[in-house]
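What the coordinates show
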Amino acid sequence: AAVEVAGKDDVRCCIVAVVTAPIPVRLFVEMSFYNPSMNVLVTGRLLFEYPVTGGILTMSTFDSTSLHAIQSLADVVRIETLQVLVSCICLVYIYIEVGEMRSLGISYWASGWNYFDLSQYICILISHGHSFYLQNLESSLITSSYRYTSFVSFQEFVQAANMGNWLYSFVLLICTFRFFK
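Remember, predicted model here, so these are calculated numbers, not experimental data. (Residues numbered from 1 in each chain as written. Predicted model: local features only at pLDDT ≥ 70, side-chain atom pairs only at ≥ 80, totals over all residues. Heavy atoms only, no water.)

Quick look at the environment of Cys-175
- If you trace the backbone, Cys-175 turns up in helix α3 (residues 152-179).
- Accessibility expressed as a relative area gives 27% for Cys-175, which makes it partly exposed.
- Look past the residues within four positions of Cys-175 in its chain and what remains in contact with it is Gln-120 and Ile-124. (Helix = DSSP H or I, 4+ residues; strand = E, 2+ residues; numbered from the N terminus. Buried < 20%, exposed > 50% of the residue type's maximum accessible area, 1.4 Å probe, protein only. Contact = heavy atoms within 4.5 Å.)

Focus: the packing of aromatic side chains
- Enumeration according to the criterion identifies 4 aromatic pairs in this entry.
- Between the aromatic rings of Trp-113 and Phe-116, the centroid separation amounts to 5.5 Å while the plane-to-plane angle is 85 degrees, which identifies the pairing as edge-to-face. Linking Trp-113 with Phe-116, this pair stays in helix α2 (residues 112-143), spanning 3 residues, or about one helical turn. (Phe/Tyr/Trp six-rings, centres within 6.5 Å; stacked < 30°, edge-to-face > 60°.)

Some thoughts on the confidence of the model for the protein
- When pLDDT is averaged along the protein, the result is 76, and 78% of the positions lie at 70 or above.
- At the level of individual helices and strands, the protein shows its lowest average pLDDT in strand β1 (residues 2-6), which scores 45, and its highest in helix α1 (residues 73-104), which scores 87.
- Below pLDDT 50 for its whole length, residues 1-13 participates in 28 contacts with residues either more than four positions away or in separate chains. (pLDDT = per-residue confidence, 0-100.)

Focus: a nonpolar patch on the surface
- A contiguous nonpolar patch, built from Leu-82, Leu-85, Ile-89, Val-92, Tyr-93, Tyr-95 and Ile-96 and spanning about 710 Å² of accessible area, is present on the exposed surface.
- Within the secondary structure layout, Tyr-93 lies in helix α1. (Patch = residues over 30% accessible without salt bridge, like charges linked within 9 Å, V, L, I, M, F, W, Y side chains within 5 Å. Areas by Shrake-Rupley, 256 points an atom, 1.4 Å probe, with all protein chains shown as cover. Salt bridge = Lys/Arg side-chain N within 4 Å of Asp/Glu carboxyl O.)

A look at the environment of Leu-125
- Checked against the element boundaries, Leu-125 lands in helix α2.
- Spatially, the C-alpha atom of Leu-125 lies 9.2 Å from that of Cys-88, the residues being 37 residues apart in sequence.
- Sequence-distant contacts of Leu-125, defined by excluding residues within four places in its chain, comprise Ser-87, Cys-90, Leu-91 and Ile-94.

Quick word on the nonpolar core
- Core analysis: the largest hydrophobic core is formed by 11 residues, namely Tyr-34, Leu-41, Leu-67, Leu-134, Leu-137, Leu-141, Phe-154, Phe-157, Val-158, Ala-160 and Ala-161.
- Among the secondary structure elements, those contributing two or more residues to this core are α2 and α3.
- It is α3 that provides the largest number of residues to this core, a total of 5 residues.
- Residue contacts for Ala-161: discarding those within four places in its chain leaves Thr-65 and Leu-134.
- If you look at the next biggest cluster of nonpolar residues, it comprises 8 residues, including Phe-116, Cys-123, Ile-124 and Val-171. (Core = buried A, V, L, I, M, F, W, Y, C linked by side-chain atoms within 4.5 Å.)

Considering the side chain of Thr-65
- Take Thr-65: it is sitting in strand β5 (residues 57-66).
- In this structure Thr-65 comes out as buried when scored by relative accessible area, which is 14%.
- Once you skip the residues sitting within four places of it in the chain, Thr-65 turns out to touch Asn-39, Val-40, Leu-41, Phe-157, Val-158 and Ala-161.

Quick look at the pairing of strand β3 (residues 25-35)
- As judged from the 11 bridges shared by β3 and strand β4 (residues 40-50), these two strands associate in the antiparallel manner. Bridge assignment links Asn-35 to a residue of β4, and that residue is Val-40.
- The turn joining β3 and β4, which pair antiparallel and follow one another in sequence, is formed by 4 residues; a positive phi near 55 degrees is taken by Asn-39. (Pairing = 2+ DSSP bridges.)

Details of the pairing of β5
- Here 10 bridges tie β4 to β5, and the two strands are oriented antiparallel to one another. Along β5, the bridge assignment pairs Arg-45 with Thr-61.

Okay, structure coming up:
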């Protein structure tokens, strides 16, 4: 059963409760909050489990992310231009690495740094692809933001944005190691 709750001023919430039976009984409560004045999305999941032995077992997770649609057009153009430029440079480096693979043959794989270089270039390209995916997801989210009862897209965006943060951190770590090579 879905319950729509309107909060103070511009905070919106939608709560879904699903009860599965017979034993043990579990109650899932999923919430999505959007605060347009701060451009913040928060999703939460509460789990209440009533085991046959008695008592209540609880679990909760909350994630948040902010939308980037408030950036100026000049900032967006600057960021996108740099991402495309870095992606092109990575493709050139991958081309050079493939040339080295062909010239060195099996001995190319003897050095661990070659694995590291290839993984770095591929991870950077993946992070740029994920960034474009997030921008597309955010634009579709903004166009449907007034239909806050369809909360699944909020949760999808928050999960994708948090995964992006982990991915960007990993790429930054790899690039730092590459710098000290």
